[in-house]
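# Per-entry structural report
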Amino acid sequence: MNTQLWWLYDVVAVAIFLVCIYLSGRKGIFKSLITAVGCILSVFISVSISGTVSDTLYKTTVRDGNINKLEKTLIDVDISSDMKNALEEMGYSVIVNTKKLDEILDSDKNLDEQLYKYMNNINGKVVDDEESFQKALNVCYASVMKKLISGDMSKYAVETASRKIIDGKTDFGSLIRQIKDGDKRKDTAKIISDDYVADAYKNVIRLVVILISFALIFIITLLTVKAMTEGQMQTENSTGSYIAGGACGIITGAIIVFISAVIVKLCAIMGDNEMLFFGNEAIEKTYIFRYAYNFLKI
């Protein structure tokens, strides 16, 4: 969505609140309170179980397929060539010697340190301070990973893996050496699947689980309210009952806005919107919707 239309998210959120307050106020305190409690329980249960369920579903339905695809990809990977191109594209105006790079990759010394020394020696001058070089090197590693898995994994999974490497949350140097070794492709594929892309697939599954479980529990709540009130005489609610019912509507509205945010987040991921990972600029400008959107750390 265009960032200039950020206000639409808040307009929809306010509309949801107003509708919920109005409908809950008309029902009175009894029905509205049960509905609000049902919404709270629905969200609490669905969010609570989503992590465990998504982890289980990933391992039983997605993981093996990812490993098999990655294992086949690793057969034809020339990691030395990929690293050479990535290093030369770091912006330091160097030409990397393939033989020297292979020696570094084949050694058992710290890869980051060895690359820093080598890059400084190519033209006989320091290319960057060590801290800045490390950040640039992580970006270099991320580009290698993108090229490696972009043909097999979803775009969101590729961006998730890339961000992990850029943030320095993985030991990509060891992975590169294992890829170059080539003797343990299955094990290498498992590492990529478990440590780099699993979170992306689990996030998608988790959002779906939240939506489905919330819908089921919420429907049960509505049926319970209907069963509890069916056959009862319709009585005139007091003004206090209407006001209290409207207050319950605020709670219901907040839950509905949260579920709407889950839907928006899922649509962004499924639509290959990699910018979801870095934060949607339009949503970050909102005053209300962003709190619901960022409630789940996905």
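Throughout, a residue's number is its position along its own chain's written sequence, starting from 1. This being a predicted model, a pLDDT of at least 70 is required before a residue's local features are given, and a value of 80 or more before pairs of side-chain atoms are given or counted; all residues contribute to the totals for chains, interfaces and linings. Remark: hydrogens and water are excluded; side-chain values derive from all non-hydrogen atoms of the structure.

### Quick look at the nonpolar core
The condition is simple: By nonpolar core is meant a set of buried Ala, Val, Leu, Ile, Met, Phe, Trp, Tyr and Cys residues that side-chain atoms within 4.5 Å join together. Think of it in three bands: with a 1.4 Å probe and only protein chains considered, a residue is buried below 20% of the maximum accessible area for its type, exposed above 50%, and partly exposed in between. What counts as a helix is a DSSP run of H or I of at least four residues, what counts as a strand is a run of E of at least two, and both are numbered from the N terminus.
One finds Leu87, Met145 and Ile149 to be the most contacted residues of the largest nonpolar core, which totals 65 residues. Counting residues per element, this core draws most heavily on helix H9 (residues 185–229), which supplies 14 residues. Ranked by size, the runner-up nonpolar core spans 13 residues in total, among them Val257, Ile283, Phe289 and Tyr293.

### Digging into the pattern of salt bridges
To be explicit about the condition: For this document, the term salt bridge refers to a Lys or Arg side-chain nitrogen within 4 Å of an Asp or Glu carboxyl oxygen.
Applying the stated rule across the entire model yields twelve salt bridges. Ionic pairing is found between Lys180 and Asp102, a salt bridge with its closest N-O pair at 3.8 Å. Pair noted here: Lys180 is in helix H8 (residues 172–181) and Asp102 is in helix H4 (residues 98–106), with a separation of 78 residues, a long-range link. Judged by relative accessible area, which is 26%, Lys180 ranks as partly exposed. Across the salt bridge formed by Lys146 and Glu159, the nearest N and O atoms sit 3.7 Å from each other.

### A word on unusual backbone geometry
One non-glycine residue, Ser93, lies in the positive phi region at around 55 degrees. Relative to the assigned elements, Ser93 resides in the loop between helix H3 (79–88) and H4.

### What about the confidence of the model for the chain?
Put simply, the rule reads: Confidence of the predictor at the level of single residues is captured by pLDDT, which takes values from 0 to 100. It only takes one pair of heavy atoms within 4.5 Å for two residues to be counted as in contact.
Scored by pLDDT, the chain comes out at a mean of 89, with 93% of its residues at no less than 70. Contacts from residues 274–279, a stretch scored under 50 in pLDDT, to residues over four places away or in other chains number 13 contacts.

### Observations concerning the packing of helix H6 (residues 130–149) against helix H7 (residues 155–166)
Packed helices, taken two at a time, are described by their axes: the angle between them and the distance between them. The condition that has to hold: Fitting a line to C-alpha atoms yields each axis, with helices limited to the stretch in contact; the angle taken between N-to-C directions then spans 0 to 180 degrees. Reported orientations rely on four angle classes, namely roughly parallel under 35 degrees, roughly antiparallel over 145, roughly perpendicular from 65 to 115, and oblique for the rest. A clockwise turn of the near helix away from the far one marks a right-handed crossing, whereas an anticlockwise turn of less than a right angle marks a left-handed crossing.
Relative orientation of the contacting elements H6 and H7 amounts to 155 degrees, with a least axis distance of 8 Å. When the axis of H6 is compared with that of H7, the two are roughly antiparallel. For the pair H6 and H7, the sense of crossing is right-handed. On H7, the residues touching Asn138, Val139, Tyr141, Ala142, Met145, Lys146 and Ile149 of H6 are Val158, Glu159, Ala161, Ser162, Ile165 and Ile166.

### Focus on the packing of aromatic side chains
This is how it is decided: Between the rings of Phe, Tyr and Trp (Trp by its six-membered ring), a pair exists once the centres lie within 6.5 Å; its type follows the angle of the planes, with under 30 degrees stacked, over 60 edge-to-face, and the other angles tilted. Consider the ring centre and the ring normal. A charge sits over the ring if Lys NZ or Arg CZ is within 6 Å of that centre and within 35 degrees of that normal.
Within the structure shown, the criterion is met by ten aromatic pairs. Ring centres 5.0 Å apart and planes at 25 degrees place the aromatic pair Tyr9 and Phe289 in the stacked group. With a gap of 280 residues between them, Tyr9 in helix H1 (residues 7–27) and Phe289 in helix H13 (residues 289–293) connect regions that are remote in the sequence. In this structure, Tyr9 and Phe289 share a single accessibility class: buried. Between Phe214 and Phe218, the ring centres sit 5.6 Å apart and the planes meet at 10 degrees, which makes this aromatic pair stacked. Here the residue Phe214 and the residue Phe218 both occupy positions in helix H9, the gap between them amounting to four residues, near one helical turn. Here Phe214 and Phe218 have matching classes, each one buried. Ring pairs connect the aromatic residues Tyr9, Phe289 and Tyr293, which therefore count as one cluster. Here the guanidinium or amino end of Lys265 rests over the ring plane of Tyr293, the centre of that ring lying 4.5 Å away.

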